[in-house]
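# Structural description and commentary
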Amino acid sequence: MNQANHSQRNTIMTEEIIIAGFGGQGVLSMGKILAYAALMEGKEVSWMPSYGPEQRGGTANVTVIISDQRISSPILSRYDTAVILNQPSLDRFESCVKPGGTLIYDSYGILEPPQRKDIAVYRIDAMDTAVEMHNPKGFNMIVLGGLIKVRPLVETENVILALKKTLPERHHALIPMNEEALRRGMEVIRRME
Amino acid sequence: MEKEDILLMKGNEAIAHAAIRCGCDGYFGYPITPQSEVLETLTLEKPWETTGMVVLQAESELASINMVYGAGAAGKRAMTSSSSPGVALMQEGITYMAGAELPGLIVNVQRGGPGLGTIQPSQSDYMQATRGGGNGDYNVIVLAPASVQEMADFVDLAFELSFKYRNPAMILSDGIIGQMMEKVVLPPFKPRRTEEEITRECPWAAMGKPKNRRPNIHTSLDLDSARMEETNRHLQAKYQEIKNKEVRYEKVMCDDAEHLIVAFGSAARIALKTIELCRNQGIKVGLLRPITLWPFPTEEIARLSKQVSSILSLEINAGQMIEDIRLAVEGRVPVNHYGRMGGMVPTPEEVAEALKQTVIK
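Computed from a prediction, not measured in an experiment: that's the story for all the values here.

What counts and how
Residues numbered from 1 in each chain as written. Chains lettered and ligands numbered in written order. Predicted model: local features only at pLDDT ≥ 70, side-chain atom pairs only at ≥ 80, totals over all residues. Heavy atoms only, no water. Helix = DSSP H or I, 4+ residues; strand = E, 2+ residues; numbered from the N terminus. Buried < 20%, exposed > 50% of the residue type's maximum accessible area, 1.4 Å probe, protein only. Domains from an automatic or database assignment. Contact = heavy atoms within 4.5 Å. Buried area = accessible area lost by both parts, 1.4 Å probe. Salt bridge = Lys/Arg side-chain N within 4 Å of Asp/Glu carboxyl O. Polar contact = N/O pair within 3.5 Å; in protein donor to acceptor, adjacent residues only side chain to side chain. Nonpolar A, V, L, I, M, F, W, Y, C, P; charged D, E, K, R; others polar. Pairing = 2+ DSSP bridges. Axes fitted to C-alpha atoms, helices over the stretch in contact; angles between N-to-C directions. Phe/Tyr/Trp six-rings, centres within 6.5 Å; stacked < 30°, edge-to-face > 60°. Lys NZ or Arg CZ within 6 Å of the ring centre and 35° of its normal.

This brings us to the environment of G72(B). Residues and elements named next belong to chain B. Its place among the elements puts G72 in helix α3 (residues 61-73). On the basis of relative accessibility, which here comes to 0%, the residue G72 falls in the buried class. Residues G72 and G86, spaced 14 residues apart in sequence, show a C-alpha to C-alpha distance of 20 Å.

In structure tokens form, the structure reads like this:
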């Protein structure tokens, strides 16, 4: 008979994050880079994508959990932090942020901004910034920069290391552009009152 | 351990990497969501250039399982993977393997049914997996991973058990564990067995008949009923031995539990969060997670049923494992089920609500 026993542990740091937007915006890869950076800091991580028929143009989301302890459910209905990149995702996830939690949204295509007063709402004009930087593919890294600015879950250097780990070698020339986008995201995010 | 050794990957990818590392001789499969990354990863890794492992996309699931049968008959570590509708197609091959006492690994990354159903996660193949699934009196050894790490670890374990008992083994996973990424430390490399090692360790293997022994014949067919009954008695004795020796489970916070959740695989992960929510409200809940679904941890559940006042079977299906729990509990305490179907996944909050309902009752 083989068995493992686990004693009860006190709750330590756990951050439950949903990142949601259109397929093709880099939602899943942004979540992966965040998870990889946390992994390199010795954290427990889980990354659970929506894997329906949603492809480019449809909605896509990923739940990323970062914790000091063993992660329980990889699928959740309440989040500490929501990163919202389109209107359908805002409609779906605004009410799922825990009171006192954080909501970050990209204003592009958002007709009805978030209404919640019991959470910290941040706006990041990542789409506009990406266009200004002539780096449309840097969109998700701008958002990630904004996220780790307001929720310092991982060190910036580790995000860059995670990029190196997750990008295929043939794309490593793009790392400086991504790093620039990440740092720009930290500058352009702002708190909405 | 070097941090470099800790990787982030999907459960399906972990299965593929673990297969290469544990000396798997052949993978035969046919793509289907949500398990296609197994074949994709193997194709990218090209193990035929390193370990010599064969990777083949077969023309169908029927072909895949019969290739596993053939390789198993030759004493090779062979496997296939699929998702629910594909595994339904394989049942004929699996019962033939059980009848001919051939080893082999089947990975089922379950999706919702019945029929073609949905590509979203489900645990609705529990009965099919634990009752044999095909015709005849037989059982398959069923392991239920609840993490990406266990996806990696159970490949070698399944092969070991499968060869030890000359019986097909199954890893019963689902779209959640298959698609999610987590930390994983891959098992150390183990070389594929040489022909000499197979001859020594598997004297039954069909390796080409030397002059000094009778041929090794593998078949599930025997038209002599008396002999066929003897074969069945032998199989049943083997299954009893497996039940006696190979039950595996995990207990979480059971010591002071007044209520128990029994859940396997991804549902056990959801249960852990439910337990956290309940304990924050002063309800003492514990988890019994069967790791082997067959053989089932009947004795441990029976023991716990004398300690707790209610049991909730949390399954992502209409209620299948609850039958095994009730057989173990023998009416001592109420056993209720909570689950979702068709690819919907229960949230920890709704499970906590369901549990509170049963506690009030």
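Turning next to the domain arrangement of chain B. Residues and elements named next belong to chain B. When the domains of chain B are assigned, the result is domain 1 (3-195) and domain 2 (250-360). Distance from the C-alpha centre of domain 1 to the C-alpha centre of domain 2: 27 Å. Residue-level contacts link 29 residues of domain 1 with 23 residues of domain 2. When the two sides are added together, the surface that domain 1 and domain 2 hide from each other amounts to roughly 2,100 Å², 56% of it contributed by carbon and sulfur. The three residues of domain 1 that bury the most area against domain 2 are Q123, Y126 and A144, which together make up 31% of that side's buried surface. There are three salt bridges connecting domain 1 and domain 2. With its nearest N and O atoms 2.8 Å apart, the salt bridge here joins R131 to D324. On inspection of domain 1 and its partner domain 2, the count reaches 16 residue pairs in polar contact (both at pLDDT 80 or more). Within the residue set of the side of domain 1 that touches domain 2, elements represented by two or more residues are α5 (126-130), β6 (141-143), α6 (148-165), β7 (168-174) and α7 (175-179). Looking at the side of domain 1 that touches domain 2, its residues break down into 15 nonpolar, nine polar and five charged.

Taken together, the contact between chain A and chain B spans 34 residues of the former and 35 residues of the latter. For the chain A and chain B pair, buried surface summed over both sides reaches about 3,200 Å², with 56% attributable to carbon and sulfur atoms. Across the contact surface, chain A and chain B share three salt bridges. Along the contact surface separating chain A from chain B lie nine residue pairs in polar contact (both at pLDDT 80 or more). Put simply, the parts of the chain that give the side of chain A that touches chain B at least two residues each are β1 (2-6), α1 (27-40) and β3 (44-49) of chain A.

Take the sheet that holds strand β1 (residues 6-10) of chain B next. Neighbouring strands of a sheet are bound in pairs by backbone hydrogen bonds; such pairs are parallel or else antiparallel. Ordered in space as β8(A)-β7(A)-β6(A)-β5(A)-β2(A)-β4(A)-β3(A)-β8(B)-β1(B), the nine strands form an open sheet in which the pairing is mixed. Either end of the sheet is taken by a strand with one partner, and the two such strands are β8 (190-192) of chain A together with β1 of chain B. This sheet shows a mean twist of 25° between the axes of neighbouring strands, independent of strand direction. Of the pairings in the sheet, the one linking strand β7 (residues 120-124) of chain A to β8(A) comprises three bridges and is antiparallel in character. Across the sheet, the residue bridging to R123(A) is R190(A), located in β8(A).

The next thing to look at is the packing of aromatic side chains. Residue and element names in this part refer to chain B. Under the definition given, this model contains four aromatic pairs over all chains. Plain terms: the ring middles of Y126 and F264 are 5.6 Å apart, the flat faces sit at 40° to each other, and that makes the pair tilted. In this pair, Y126 sits in helix α5 while F264 sits in the loop between β10 (259-262) and α10 (265-280), placing the two residues 138 residues apart along the sequence. With respect to burial, Y126 and F264 carry one shared label: buried. Arranged with centres 5.9 Å apart and planes meeting at 90°, the rings of Y239 and W294 form a pair that is edge-to-face. Taken together, the residues Y239 in helix α9 (residues 225-245) and W294 in strand β12 (residues 292-294) connect sequence positions 55 residues apart. The aromatic ring of F163 is capped on one face by R193, whose charged end is 4.6 Å from the ring centroid.

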